[in-house]
Every structure is written in C-alpha cells, then in structure tokens.
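# Structural overview
Each chain, letter by letter, is given below.
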4 protein chains.
Amino acid sequence: MSGNRFGTLFQYQSWGESHGPAIGCVVDGVPPLISLTEKDIQKYLDQRKPGQNRYTTQRREADRVQILSGVFEGKTTGTPISLIIFNEDVKSKDYADIKNKFRPGHADFTYMEKYGIRDYRVGGRSSARETACRVAAGAIARKILEHEIGKKVNIRAAVVQIGKKEINRKNWDWKQVSKNPFFSPDAKSVDAFGTYLDSVRKKGSSAGALIEVHASGIPAGLGAPVYDKLDADLAKALMSINAVKAVELGAEFAAVELAGEQNADEIRSGKKFLSNNAGGILGGISTGQDIVARVAFKPTSSILTPVRTIDTKGKNTEIVTKGRHDPCVGIRGTPIVEAMVACVLADHWLRHKAQCR
Amino acid sequence: MSGNRFGTLFQYQSWGESHGPAIGCVVDGVPPLISLTEKDIQKYLDQRKPGQNRYTTQRREADRVQILSGVFEGKTTGTPISLIIFNEDVKSKDYADIKNKFRPGHADFTYMEKYGIRDYRVGGRSSARETACRVAAGAIARKILEHEIGKKVNIRAAVVQIGKKEINRKNWDWKQVSKNPFFSPDAKSVDAFGTYLDSVRKKGSSAGALIEVHASGIPAGLGAPVYDKLDADLAKALMSINAVKAVELGAEFAAVELAGEQNADEIRSGKKFLSNNAGGILGGISTGQDIVARVAFKPTSSILTPVRTIDTKGKNTEIVTKGRHDPCVGIRGTPIVEAMVACVLADHWLRHKAQCR
Amino acid sequence: MSGNRFGTLFQYQSWGESHGPAIGCVVDGVPPLISLTEKDIQKYLDQRKPGQNRYTTQRREADRVQILSGVFEGKTTGTPISLIIFNEDVKSKDYADIKNKFRPGHADFTYMEKYGIRDYRVGGRSSARETACRVAAGAIARKILEHEIGKKVNIRAAVVQIGKKEINRKNWDWKQVSKNPFFSPDAKSVDAFGTYLDSVRKKGSSAGALIEVHASGIPAGLGAPVYDKLDADLAKALMSINAVKAVELGAEFAAVELAGEQNADEIRSGKKFLSNNAGGILGGISTGQDIVARVAFKPTSSILTPVRTIDTKGKNTEIVTKGRHDPCVGIRGTPIVEAMVACVLADHWLRHKAQCR
Amino acid sequence: MSGNRFGTLFQYQSWGESHGPAIGCVVDGVPPLISLTEKDIQKYLDQRKPGQNRYTTQRREADRVQILSGVFEGKTTGTPISLIIFNEDVKSKDYADIKNKFRPGHADFTYMEKYGIRDYRVGGRSSARETACRVAAGAIARKILEHEIGKKVNIRAAVVQIGKKEINRKNWDWKQVSKNPFFSPDAKSVDAFGTYLDSVRKKGSSAGALIEVHASGIPAGLGAPVYDKLDADLAKALMSINAVKAVELGAEFAAVELAGEQNADEIRSGKKFLSNNAGGILGGISTGQDIVARVAFKPTSSILTPVRTIDTKGKNTEIVTKGRHDPCVGIRGTPIVEAMVACVLADHWLRHKAQCR
C-alpha cells in the first residue's frame with residue numbers, strides 16, 4: 001500500500017536508496033520449475049547500466065545482481081526470489097549542495113512535504129537508480145512468459161524521438177536498436193541524435209524522448225474488464241517510471257481526429273485484424289495482435305543551467321545540479337519500458353490462468 | 001483481482017450488465033460521520049445521463065440511484081455503501097444483430113476469447129453503462145475530500161477538442177461547461193462543435209474527443225513513491241474508462257520537445273511554483289499546485305457505416321451497428337473523468353492519513 | 001481494507017445492515033461457464049434460515065436470494081455476481097431499548113468507540129444477519145470446486161457439543177445432520193440437546209456450541225507457505241464468524257499433550273497417511289487427506305437475564321435483551337462454517353491454478 | 001498472493017531458505033520519523049536465537065540483522081526497510097538423509113505435491129528459520145505502536161504448558177519470563193519443565209506447548225467488522241506460525257460450556273469491564289481491555305525415534321531425523337507469538353488512522 005510494490009499475482013517488492021548500501025527487490029508468485037540464473041537477469045541490467053557512453057551519466061556501477069533465494073539447483077521453486085545489487089560508486093560530494101535545496105523537477109520538495117524527512121543523497125528513494133529493480137524483475141517476467149506461453153513472446157522498445165528529432169519510420173529495423181547508444185531503430189538517425197545531444201550537453205541543458213514499445217506473441221484473452229484493463233495497467237506501469245508523464249496505446253492521441261470508420265480495426269476470418277489502431281487491446285483485453293504503446297519522457301530535471309528554487313527553510317535561492325546525469329533520461333528508459341510491459345503481461349497471464357484456464 | 005474493483009483504501013466494487021436488471025456498486029472504506037444523501041450522488045449522475053440532447057444516445061434511463069446500506073440517519077457509518085440503479089430502457093431488439101457478430105472496436109471478440117461466453121446484450125459488462133457506477137462512487141469520493149480537506153477542493157473537467165475542432169483556450173470559462181451540450185469551456189466553440197457533430201451523425205460516422213481535467217485545492221503530499229505514484233494511479237484510472245486510450249499529465253507529450261530549463265517548474269518562497277509543466281505532481285506526489293491531465297477518447301466504435309468483421313463461427317461478414325449510440329462518447333466522458341480523478345484523490349488521501357498523519 | 005470483503009482471487013464484497021432495506025454481496029473472480037441458478041444458492045440459505053423451529057430466533061425471513069448480474073443463460077460469465085436478499089421482518093420495536101444502551105457481549109460499544117456513530121437497529125452491520133451473505137457466497141464457492149475439481153468434493157459440518165453436552169462420536173452418521181434441528185450427527189444426542197436447550201431458554205440464558213467440519217475430496221497442494229497457510233486462512237475465515245472465538249485444526253489443542261512420535265502422521269506408499277492429527281494440512285498445504293477443524297461458538301450474548309452495562313452517555317444501567325434471538329447461535333453456525341471452508345478452498349484453488357498449473 | 005507477505009498497511013515481504021545464503025524481509029508502510037536502529041531489532045532476535053541452552057537446537061546462528069534501506073540518520077523515512085540476516089551455520093550433512101525422503105509432520109511432502117520441486121536443505125522455505133523475519137518485523141511494529149500510541153503499549157507472551165505440565169497461574173509473574181529457558185511466568189515450574197524436557201530428549205521424542213499472550217495499552221476501536229475482525233486477523237497470524245494449529249481468544253474454548261450470563265462481560269461507567277471473557281475484542285474491534293489469546297504448538301516433528309514414511313519415488317521406508325532440533329519448538333515460539341501480535345496491531349492501527357481519525 002505504500003507504493004513500493006508492483007503487481008498482483010506476479011509481484012515484486014522493491015527497496016533501496018540511490019546512495020545507501022544496496023538496492024534490491026523480492027519477486028514473488030513466480031511459477032516453479034523455470035530455469036533461472038543470474039545471467040538471465042544480468043543481460044538486461046547491462047543494457048540499462050550507466051556509464052557506457054558519453055550520452056549517459058558517468059556514475060560507474062557494475063550493477064551486478066545476486067540471487068539470494070527462491071532458486072534451487074538452477075530452477076525456480078515457487079518461493080520468493082530475493083535479488084540484491086550493491087551500490088558501488090557512491091560519492092558524498094554528489095549531495096553537498098542538494099542537502100539544503102529543493103531541485104526543481106525532482107521529488108525533493110514533495111518527499112519533504114509528505115514525510116517531513118528526506119534522504120537527500122541524490123534523490124534517495126526517488127532516484128532513477130531504483131529502475132534497476134524494474135529491469136531485474138522484468139527479466140524474470142520474460143522468463144515466465146517464455147516458459148508458459150512460448151519463445152514467440154517478444155517485447156521490444158525503441159527510441160523514436162529525442163527532443164525535436166524524430167526517426168524515419170520507413171527505416172525501422174529492430175536489429176539496429178542494440179547497435180547504437182540511442183536505442184534507435186533507424187540507423188540513419190544516429191548521427192543526428194548524436195549531434196543534437198552533444199549540443200544539448202554543451203549548453204548545460206537536457207532533452208526529452210519518446211519511446212515506442214511492441215509486445216508480440218501475446219495470446220488473445222489477457223487483461224480484465226473495467227478497472228484492471230490491460231491498457232490501464234500498462235498505463236500505470238509506464239507512467240510510474242521516473243520522468244514519464246504521458247502514455248498512449250495504439251494510435252490513440254491521433255485517434256481523436258479520426259472518423260469512427262477509419263479507427264475501426266476490421267476483422268477477417270482467422271481472427272486477423274486489418275489494422276491495429278487499438279494497439280492490440282479491446283475492452284481491456286488483448287486481441288492477439290501486437291500490443292503497441294508510446295511513452296513520453298520529460299527532459300532530465302538535473303541540468304547545469306541555474307534555476308530558481310527555495311532552500312529547506314523556504315528562502316529563495318538558486319541551484320545548479322552538477323553531479324553526474326544523463327542529458328536525456330529517456331534513452332536509458334528503453335530497457336525499463338520493456339521490463340514494465342513484461343511485468344504487466346506476466347501478471348495478467350497468471351491472473352488469466354487463475355480464472356479462465 | 002478480476003478487475004471490477006477500484007482503489008485500495010477508498011474502494012468500490014462495481015457490478016452489472018448493460019441490459020441486465022440493474023447495475024450498482026459497493027463503496028467501502030468511507031470514513032464515518034459524513035452527511036450523505038441520494039441527492040448528493042444524483043446530481044452527478046444527471047450530468048452523465050443519456051438522452052438529454054441530440055448529441056447523445058437516445059436510450060432513456062432515469063439513472064435513479066438508491067442507497068441500500070452504510071448510511072444511517074443521513075450520515076455515513078463507516079460500513080459499506082451499497083448503491084443500485086435499475087435498468088429501465090432495455091430493448092431486446094438492440095442486440096438482435098450483434099448476438100452472432102463481433103463488432104469491431106468493441107470488446108465482443110476479446111470477451112469471447114477470454115471467457116468462452118459473452119453476454120451479447122449490447123456489450124453486457126463491457127458497456128459504457130457501467131460508468132454510471134464510476135460517477136456515483138466519484139460523488140462519494142468528493143464528499144470525503146470536502147469533508148476531510150475542505151470545500152476548496154474542486155475537480156472540474158471540460159471538452160477541449162472534438163474531432164479536429166479545438167476550443168480557443170483564451171475563451172476558457174469554467175461556468176460555460178454546464179451551459180452547453182458539449183461540456184465546452186469556450187462559449188464560442190459551441191456552434192462549431194454542433195455543426196461538426198451534426199455532419200458526423202449524418203454520415204453515420206463518429207468522432208473522438210479530448211478532455212482536460214483540473215483538480216485544485218489538493219494539498220501537497222498526496223501520492224506514493226515508485227509504483228503507486230499519483231500520476232500513475234491517475235493514468236490507470238483514466239485509461240480504464242471505456243474508449244480512452246491516451247493520458248498525459250501536465251505539458252507532457254509536448255514536453256518531449258522542451259529543453260530541461262524550459263520544463264523545470266521553478267519554485268519561490270511560499271511554496272509557489274512559477275509554472276506547472278509537471279501537472280501538479282513531482283516524484284509521484286502532489287505539489288499543492290493544480291493537478292492537470294488530458295485524456296483522449298477514441299471515436300465511438302458503434303457506427304452506421306458498414307464495417308467488415310467475422311461472426312461467432314469465424315466466418316467473414318459485415319456489421320452495421322444500429323442501436324442507440326453517442327456519435328462522440330467523449331462528450332459524456334466529462335463527468336466520468338472528474339469522478340475517476342476524485343476517486344484516485346480520495347484513495348490517496350486515506351493512504352496518506354494512514355502513514356503520514 | 002475496511003473488512004467487509006473476503007478472499008483474494010475468489011472474493012466477495014458483503015454489505016447491508018440487519019434492519020436496513022436489504023443485505024447482499026458481490027461475488028467476483030468466478031470462472032466462466034459454470035451452471036448457476038438461484039436455486040443452487042437458495043438450498044443452503046434455507047438451512048441457515050431463522051424461524052424454522054423453537055431453538056432458533058423467531059424472526060421470519062424468507063431469505064430469498066436474487067441474482068442481479070454475472071450469470072447469462074444459466075451460466076457464469078466471469079463477471080461479478082451480485083446477490084441481493086431483501087429484509088422483510090423488520091420491527092422498529094426490536095431496538096427501542098438498545099438505542100441508548102450498549103449490550104454486553106455485542107459490538108455496540110466497540111462500534112461507537114471506533115466510528116463515533118452506530119446503526120442501533122439490532123446490531124446493524126455487526127448482526128449475524130450478515131452471515132446469510134457468507135452462505136450465499138459459499139454456495140458459489142462449492143460450485144467452483146465441484147466444477148473444477150469434481151463431484152467428490154464434499155464439505156460437511158456438524159454440531160458436536162452444546163453447552164456441556166457432547167455427542168457420542170461412535171454414533172457419528174453424516175446423514176443424521178439434516179434430520180434434526182441441532183445439526184447433530186448423533187441421532188441419540190437429539191433428545192438430550194433438546195431438553196438441555198429448553199431449560200436454557202426457560203432460564204433466559206443461552207449456551208455455546210462446538211462445531212466440527214470435514215472437507216473431503218480436496219487434492220494435495222492447495223495452500224501457500226508462510227503467511228497464507230491454508231490452516232491460517234481457515235482460522236481467519238472461521239474466527240471471523242460472529243460469536244466464534246476459538247479454532248483448532250486436526251487434533252491440535254490435544255496435541256500439546258502428545259509425544260512427537262504419537263503426533264506424527266506416518267506415510268505409506270500410495271500417498272496414504274496412517275493418521276490425520278495434522279487435520280489434512282502440513283506446512284500450510286493440503287495433504288490430500290480430509291481437512292478437519294473444530295470451531296467454538298460462545299453462548300449467545302442476547303439473553304433475558306438482566307446484565308449490568310452503561311448507556312451511551314456512560315452512565316451505569318442494566319439491560320435485558322428481549323427481541324428475538326437464538327438461545328444457541330452455534331447451531332445455525334453449521335451451514336456458515338461449511339460456507340467459509342468452501343470459500344477458503346475455492347480461493348486457494350484459484351491461487352494454486354495461477355502459480356502451479 | 002503467494003503467501004510470503006504479511007499485512008495490509010503495515011506489511012512485510014519475507015524471503016529466504018534455511019540453508020541458503022541469507023534470509024530477510026522488507027518492511028513497508030512504516031510511518032516516517034520514528035527512531036530505529038539495528039539494536040532495536042536485535043534485542044528481540046536475541047530472544048529467539050537458537051543454541052542458547054540445551055533445550056533448543058544446537059545450530060549456532062548469530063542472527064545479526066542489518067538494515068539496508070529505509071532509515072536515514074537514525075530515523076525511518078517512510079520508504080521500505082530492507083532487513084537481511086546472513087545464514088552462518090549451514091552444514092550440508094544436515095540434509096543427507098532427507099534429500100530423498102519425506103519427513104512426516106513436515107512440509108516435505110506437500111511442497112513436492114504443490115510445486116514439483118523442493119529445496120530439501122532442511123525444510124528450505126518451510127523451515128522455522130523464517131520466523132526470525134517475523135521477530136524482526138515485529139520489533140518495528142512495536143516501535144510504530146509505541147511511537148504513535150505511547151509507551152504503555154506492552155505485548156508479552158509466556159509458556160503456560162509443556163507437554164502435560166502446566167504452570168500454576170497463581171504464581172504468574174511477568175518478570176520471571178526472561179529469567180528461565182522456558183519463558184515461564186511461574187518460577188516454581190522451571191524445575192519440572194526442565195526434568196520433563198530432559199526425559200523427552202533422552203527418549204528421542206518431543207513435546208508440545210501452550211503459549212499465552214497479553215497485549216495491554218491498546219486503545220478501543222482497533223479492528224474491522226466482518227471479515228478482518230481483529231480476532232480473525234490474530235488467529236490467522238498466530239496460526240501461520242510453524243507448528244501452531246490452534247488459537248483461542250479470551251476464555252473461548254471453555255466458553256462453550258458457560259451460560260450466557262456467565263460469559264457476558266458486564267460494563268461499568270468509565271468504560272470498565274467487570275470481566276474479560278471476550279479477550280479484549282467485541283465484534284472484531286478492541287474494547288480497550290487487555291487482548292488475551294492462547295496458542296497451541298504441536299510437538300516438534302523432527303525426532304530421533306524412527307517413523308515410517310515414503311521416499312521421493314513413493315516407496316515405503318523409515319526416517320530418523322538426526323540434525324539439530326528443538327525438543328519443544330513451542331518454547332522459542334514465545335517471541336514469535338509476541339511479534340505476530342505486534343504486527344497485527346500495528347496493521348490495524350494504521351487502518352484505523354486511515355478511516356476513522
């Protein structure tokens with residue numbers, strides 16, 4: 001109930017602060033007899049890992065995950081899987097200035113208003129460092145989906161826009177995503193993204209990003225009516241990612257301007273749909289088509305440009321957030337977006353099994 | 001767990017089908033000693049009520065709510081409040097054709113895939129008729145917020161776009177919203193909306209809509225970190241409304257294109273913010289500013305234009321959805337959007353009381 | 001969270017007051033395609049129904065249940081099943097005296113302490129009238145178990161002690177239970193129970209009772225480790241019944257005095273156990289043996305003998321609870337105990353399906 | 001949903017196996033600004049710690065707890081508190097024999113039936129080692145109760161019976177409990193308990209125990225109606241402890257034999273009750289009197305006497321459980337019983353705050 005927990009049947013409890021001794025999560029509800037090693041998780045953490053190129057924060061974290069429970073002789077046992085990642089690159093100078101000032105765009109002010117106390121060490125609990133737990137849990141969610149539904153399940157995300165620069169969708173090639181630092185599916189976009197972000201960084205500014213995610217191989221029938229619609233749960237999971245503040249399924253903000261007959265996804269025998277404006281979900285339940293969503297990340301709030309704020313005593317002041325930060329947090333959002341989609345689908349898969357199989 | 005329930009501490013269980021004997025909900029977790037009458041709920045139901053003008057469905061429902069429990073001598077007792085609304089205008093000819101065909105854009109196909117059975121009486125459980133329960137529960141949520149926080153709490157929504165027609169934000173006047181059939185805050189938009197919808201209706205087509213909601217008077221500190229962020233819960237609640245498929249908080253899809261320093265909401269003494277790009281929420285917790293969100297409704301899927309589909313045996317066919325339908329479901333979405341925002345805020349208010357007060 | 005809801009996957013939300021217009025519950029999470037009629041529920045309600053003989057309250061309630069949703073053409077659809085029972089025999093003189101006084105042994109005092117308001121109409125929400133909802137939900141739980149596990153599932157309870165009078169276990173015959181007003185499995189106990197309760201009633205006193213419940217045909221593997229052990233969930237469900245305050249599984253209070261080797265249930269090939277001291281549950285998970293529990297009901301708190309208490313202003317006074325009451329509430333507890341066991345098992349069955357099948 | 005989690009608002013997720021690298025739990029929902037150090041938790045763990053005298057298992061575990069998150073500068077921050085205890089005395093010879101055989105009275109058989117896999121290292125997840133997490137979480141629950149309600153809150157348990165040996169209640173002195181290895185409140189019982197347990201140990205047998213717990217200083221009004229009654233939640237929490245299979249509140253199994261007027265706890269001005277047969281709870285809500293419960297522990301299932309069982313292939317065999325075991329697990333149950341009561345009360349306190357304050 002305190003918001004540090006994801007899911008209902010596939011669920012995990014996350015814990016830890018950016019500059020505390022460790023972060024981790026306990027993943028529960030996992031079916032037994034699924035092969036699982038630390039490697040299965042590490043490969044996704046490595047995608048999210050900071051410090052890999054000049055477009056991400058220079059904080060050096062190996063993000064080495066350890067499994068402390070719930071796996072026996074290489075297989076899940078059905079009991080809770082405790083994962084831990086020790087924090088390594090923790091420098092107290094990181095928070096010299098922010099101890100007494102609220103950084104605009106961050107949770108410093110609101111945590112203080114809510115709790116009357118705040119771990120001022122670079123965001124504490126509100127730091128994006130927590131997203132490593134999401135990625136780790138997502139790796140287990142993928143294992144469940146592959147084990148129970150099949151290898152055809154494929155959840156992939158890509159950056160389609162950084163600041164005002166968009167990719168050319170005609171060049172879309174999923175294989176490119178892992179080959180450039182921007183998670184872009186358009187090889188031709190890479191230079192433009194690089195040049196743009198270099199200029200943003202030099203100005204001490206930051207940029208937003210738009211990520212698109214596709215889940216394929218998902219059977220029809222996942223989701224629930226009314227309040228836990230599959231799209232509603234996806235919206236919550238995606239909106240809960242740090243810096244995300246907008247989510248759309250299928251064609252949907254654009255759909256406002258379509259006529260009903262344009263927006264209708266007509267159906268043909270063989271359960272085939274002639275289009276997918278609905279993003280693979282009707283009435284909150286999967287249609288068997290690809291599930292498609294788009295997620296907007298705001299520009300990083302930590303910037304070198306001075307901004308006006310107040311200190312913890314309420315007096316006017318200014319702040320420059322030095323530290324080590326991504327100029328565009330959205331980029332590293334890609335593996336996180338994939339992970340959250342995997343977690344939502346694993347949860348709804350177990351829910352579907354309980355009631356309908 | 002089956003998706004027919006909203007909330008955690010303020011919560012309600014909804015039930016009922018479009019063409020069954022009744023619909024209703026049980027609202028639970030309501031603090032005791034709050035004055036509550038059927039009138040307090042009815043006034044919001046009357047806003048959502050169909051058949052009030054030519055731009056909404058011609059189904060005639062009084063939507064008369066009865067309180068069956070949980071209120072004693074005019075006050076809440078802290079026990080479950082059972083609400084019931086009997087269905088009146090139920091015609092079996094409404095579903096003659098759709099019994100054997102799946103309507104594109106509707107949940108007919110996915111319910112069958114999930115459950116292997118479907119109440120084919122005009123959407124059954126997936127019908128927008130269920131939203132009456134949301135509005136009723138929302139009325140009680142408002143009572144809680146007003147009783148515990150104060151009369152300054154004000155949750156208001158308005159239609160800002162229908163199809164390709166937008167309002168002029170310079171003319172924004174909340175008082176106008178209740179004075180025209182489109183819930184528009186711009187008196188000058190009314191003629192254009194009317195003309196546009198008339199043409200849509202004549203073509204047997206339908207239109208989407210964009211609704212904006214503002215919650216003011218909400219104290220700082222509501223919300224929870226990480227997974228139950230206030231914006232994440234708002235996204236889920238709004239995305240769960242029938243026909244909604246996109247949600248943005250504050251300036252957020254546009255924020256992708258802003259520079260970090262443009263997007264930062266600077267703070268001044270007195271806990272004042274110089275802008276509100278964040279939509280009143282930072283790190284998932286309310287800042288004390290207005291909470292602002294926008295919600296996209298897709299065009300009504302029930303249209304007179306024939307569309308291709310399959311029948312329940314999987315064979316190709318066509319369907320024309322005659323029945324009685326709103327040409328633009330987004331319009332009547334306004335009281336529903338307000339209700340969901342009220343429900344999310346009441347829930348987080350109780351959660352905040354539990355842990356932090 | 002407010003305590004009016006049972007279960008996790010098989011779940012129901014109960015509502016209503018003893019002397020309000022109706023009581024009811026919404027049963028959710030029920031798998032689709034199970035045959036269900038009002039008759040299936042009514043037969044269990046008829047067992048619990050008051051006014052059937054001189055050993056139960058003379059309140060006349062037909063307890064006629066109506067299904068308002070979730071069933072279509074005789075089958076469950078997977079959506080919420082709303083059940084309603086209108087209150088008929090509601091006399092305002094029932095609560096003339098108790099309006100201003102707290103009845104010892106009842107919840108009058110504690111509801112006032114908790115909520116600051118209380119529906120003084122004969123217990124309001126705390127009345128045993130609510131148990132009709134339990135029995136109704138239990139009937140649906142049985143249908144799930146029979147549909148998914150098979151007809152061999154059999155959940156039966158019997159009264160084994162009233163006041164100081166015990167049955168002779170050698171005479172145990174399940175067929176007798178429905179043939180006498182005491183739900184006794186020992187035909188020879190009936191006269192003694194009758195004579196005893198007549199004398200209790202004449203003295204204006206009341207008696208306690210002990211009920212034993214057996215669930216057979218339950219497969220091994222139901223239950224969950226650690227906190228939601230099957231026996232823990234049974235204990236909670238049974239202890240939540242009005243007037244129950246003690247629960248034991250298997251031989252267990254007696255087991256304190258056994259040696260380890262006496263208490264061990266030895267196992268033989270074919271997964272047979274040589275004894276069942278564990279009551280069919282080990283480590284919180286069913287063994288495939290009969291699940292056996294015993295439940296103690298305290299003597300009815302409403303008695304004709306005057307007892308000392310305080311009024312709502314805190315002043316000393318006395319009260320005689322006239323009204324219409326069971327001299328031994330435990331007797332009618334039998335169908336309620338069965339229902340709660342059925343509900344717990346249905347819930348754990350669905351949970352088992354989600355994770356382990 | 002998988003049973004490794006306790007509570008609703010005060011909640012914790014437990015994880016870890018008996019012979020894995022570590023065990024731990026994540027405590028969530030804790031209000032901010034409560035002083036908390038590892039010492040506050042360690043003192044209760046030290047009471048439960050094995051190997052302290054010859055009446056408990058000789059496994060040597062320091063049970064040193066570490067706080068990994070959620071506490072900043074000595075105070076809780078409102079974010080999850082992750083606790084870890086590394087396992088030290090882990091010998092693989094402990095499980096040489098039990099790898100291929102199911103120990104009667106243990107969860108070996110049922111885990112295999114449920115999950116199809118089992119961590120055979122001395123119980124794995126089902127080991128009583130997990131109860132260290134309960135005690136650690138209970139220490140935090142106590143801090144919440146003391147911080148929010150006051151120092152008068154006092155939760156104390158004692159052993160009142162071992163095997164057939166009972167204490168003399170006239171000698172009851174709480175101060176004695178910490179002064180003898182049996183947690184007995186009767187100094188005169190100590191010799192008899194010692195002699196008895198020595199003889200049990202020599203015979204290779206084991207004994208059960210009865211524990212009584214009192215919670216004082218708890219205000220009236222905690223608890224919830226109907227399904228989450230305070231006594232129902234206590235029953236579940238206590239029944240979930242390893243080896244517990246019976247729970248009674250107040251006078252209750254005995255109450256079956258009382259007359260209604262004997263069982264009624266009469267009330268006098270000043271909200272005083274003349275007796276406490278109800279165990280401090282009426283209608284599921286605390287009365288302000290002491291909350292009193294009794295809990296039966298079965299005799300330890302691990303005994304040196306050979307017992308018949310089957311192996312993992314289903315063939316008949318015998319087993320002698322050598323290893324290191326408590327001859328009476330109930331004794332060390334005392335701090336665990338206290339901890340569970342503290343956890344239930346902390347949870348209901350937060351729930352009460354949410355709805356009624």
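Residues numbered from 1 in each chain as written. Chains lettered and ligands numbered in written order. Predicted model: local features only at pLDDT ≥ 70, side-chain atom pairs only at ≥ 80, totals over all residues. Heavy atoms only, no water.

### Description of the overall build of chain A
Of the regular secondary structure elements, chain A holds eight helices and 18 strands. For chain A, the C-alpha atoms occupy an extent of roughly 65 × 50 × 40 Å along the three principal directions. When the 357 residues of chain A are sorted by exposure, 71% land in the buried category. Long-range contacts, defined here as pairs at least 24 residues apart, represent 71% of the contacts in chain A between residues at least 6 apart. On chain A, roughly 11300 Å² of surface is accessible, and the fraction owed to carbon and sulfur atoms is 48%. (Helix = DSSP H or I, 4+ residues; strand = E, 2+ residues; numbered from the N terminus. Buried < 20%, exposed > 50% of the residue type's maximum accessible area, 1.4 Å probe, protein only. Contact = heavy atoms within 4.5 Å. Areas by Shrake-Rupley, 256 points an atom, 1.4 Å probe, with all protein chains shown as cover.)

### Remarks on the interface of chain B and chain A
Each partner contributes residues to the interface: chain B has 103 residues there, and chain A has 104 residues. Taken over both partners, the interface formed by chain B and chain A buries close to 8600 Å², and the fraction arising from carbon and sulfur atoms is 60%. A per-residue breakdown of the area chain B buries against chain A is headed by K114, Y227 and K245 of chain B, which together make up 10% of the total. Across the chain B-chain A interface, the total number found is 10 salt bridges. The salt bridge partner of K271 of chain A is E113 of chain B, with a shortest N-O separation of 2.7 Å. (Buried area = accessible area lost by both parts, 1.4 Å probe. Salt bridge = Lys/Arg side-chain N within 4 Å of Asp/Glu carboxyl O.)

### A closer look at the interface of chain D and chain B
Chain D puts 13 residues into the contact, and the matching count from chain B is 13 residues. Between chain D and chain B the total buried area reaches about 990 Å² when both faces are included, carbon and sulfur atoms providing 58% of it. Together, K353, A354 and Q355 of chain D form the three largest contributors to the area buried by chain D at its contact with chain B, with a combined 51%. For the pair chain D and chain B, the interface holds zero salt bridges.

### Brief notes about the packing of helix α5 (residues 230-239) of chain D against helix α8 (residues 333-356) of chain D
Residue and element names in this part refer to chain D. Where α5 meets α8, the axes come as close as 9 Å, and the angle between the chain directions of the two elements is 145°. Crossing of α5 against α8: the hand is right-handed. Of α8, the residues touching α5 (which contributes L230, D233, L234, A237 and L238) are V337, M340, V341, V344, L345, H348 and R351. Of the residues in the contact of α5 with α8, the class split is nine nonpolar, one polar and two charged. (Axes fitted to C-alpha atoms, helices over the stretch in contact; angles between N-to-C directions. Left-handed = near helix turned anticlockwise from the far one by under 90°. Nonpolar A, V, L, I, M, F, W, Y, C, P; charged D, E, K, R; others polar.)

### Some thoughts on the relation of the copies chain B and chain A
For the pair chain B and chain A, the superposition axis carries a translation of 0.0 Å, the fit reaches an RMSD of 0.0 Å, and the rotation angle comes to 180°. Those values place the two copies in the arrangement expected of a two-fold rotation axis. Closest approach to the rotation axis among the C-alpha atoms of chain B is made by K236 of chain B, whose C-alpha sits 2.4 Å away. Interface overlap between copies is the fraction of interface residues in one copy that are interface residues in the other; for chain B against chain A it reaches 100%, indicating a shared surface. (Least-squares fit on C-alpha atoms with pLDDT ≥ 70 in both.)

### Thoughts on helix α8 (residues 333-356) of chain B
For α8 of chain B, spanning 24 residues, the distance from its first C-alpha to its last is 34 Å, which sits close to the expected 34 Å at 1.5 Å a residue. Within α8 of chain B, 24 of the 24 residues are buried, which leaves the element mostly enclosed by the surrounding structure. (Expected span 1.5 Å × (residues − 1).)

### Structural notes on the relation of the copies chain D and chain B
Turning chain D through 180° and shifting it by 0.0 Å along the axis lays it on chain B, with an RMSD of 0.0 Å. A symmetric contact is evident, with 100% of the interface residues of chain D recurring at the interface of chain B.

### Considerations on the sheet that holds strand β4 (residues 65-67) of chain A
All names here are of chain A. Taken together, the five strands give an open sheet; going across it, the order is β1-β2-β3-β7-β4, and neighbouring strands pair in antiparallel fashion. The sheet is open, and its two borders are formed by β1 (5-6) and β4, each paired with just one other strand. With six bridges joining them, strand β3 (residues 22-28) and strand β7 (residues 81-86) adopt antiparallel strand pairing. Pairing of C25 across the sheet is with L83, part of β7. Contacting β2 (11-16), β3 and β7, helix α3 (residues 131-148) runs over the sheet at an angle of about 30° to β3. (Pairing = 2+ DSSP bridges.)

### Describing the sheet that holds strand β2 (residues 11-16) of chain D
Each strand in a sheet pairs with its neighbour through backbone hydrogen bonds, running either in the same direction (parallel) or in the opposite one (antiparallel). Residues and elements named next belong to chain D. What the five strands build is an open sheet, ordered β1-β2-β3-β7-β4; its pairing is antiparallel. Since the sheet does not close on itself, it has two edges, and those belong to β1 (5-6) and β4 (65-67), each with one partner. Bridge count for β4 against strand β7 (residues 81-86) is three bridges, and the pairing is antiparallel. The residue bridging I67 from the neighbouring strand is L83, located in β7. Docked against the sheet, helix α1 (residues 38-48) engages β4 and β7, running at close to 155° with respect to β4.

### Here's the deal with the pairing of strand β17 (residues 307-310) of chain A
Residue and element names in this part refer to chain A. By the bridge criterion, four bridges tie β17 to strand β18 (residues 316-319) in an arrangement that is antiparallel. Considered in β18, the bridge of I310 is made with N316. The antiparallel pairing of β17 with β18 creates a hairpin that spans five residues between the two strands, and G314 there sits at a positive phi of about 95°.

### A short note on the confidence of the model for chain A
Summarising the model, chain A shows a mean pLDDT of 93, and 99% of its residues fall at 70 or more. The complex model carries a pTM of 0.97, and its ipTM stands at 0.96. (pLDDT = per-residue confidence, 0-100.)

### Comments concerning the pattern of salt bridges
Evaluated as defined, the whole model comprises 94 salt bridges over all chains. With its nearest N and O atoms 3.5 Å apart, the salt bridge here joins K143 of chain B to D40 of chain B. One end of the pair, K143 of chain B, is in helix α3 (residues 131-148); the other, D40 of chain B, is in helix α1 (residues 38-48), with 103 residues separating them in the sequence. On the accessibility criterion, K143 of chain B (21% relative accessible area) is partly exposed. For the salt bridge of E266 of chain D with R308 of chain C, the shortest nitrogen-to-oxygen distance reads 2.9 Å.

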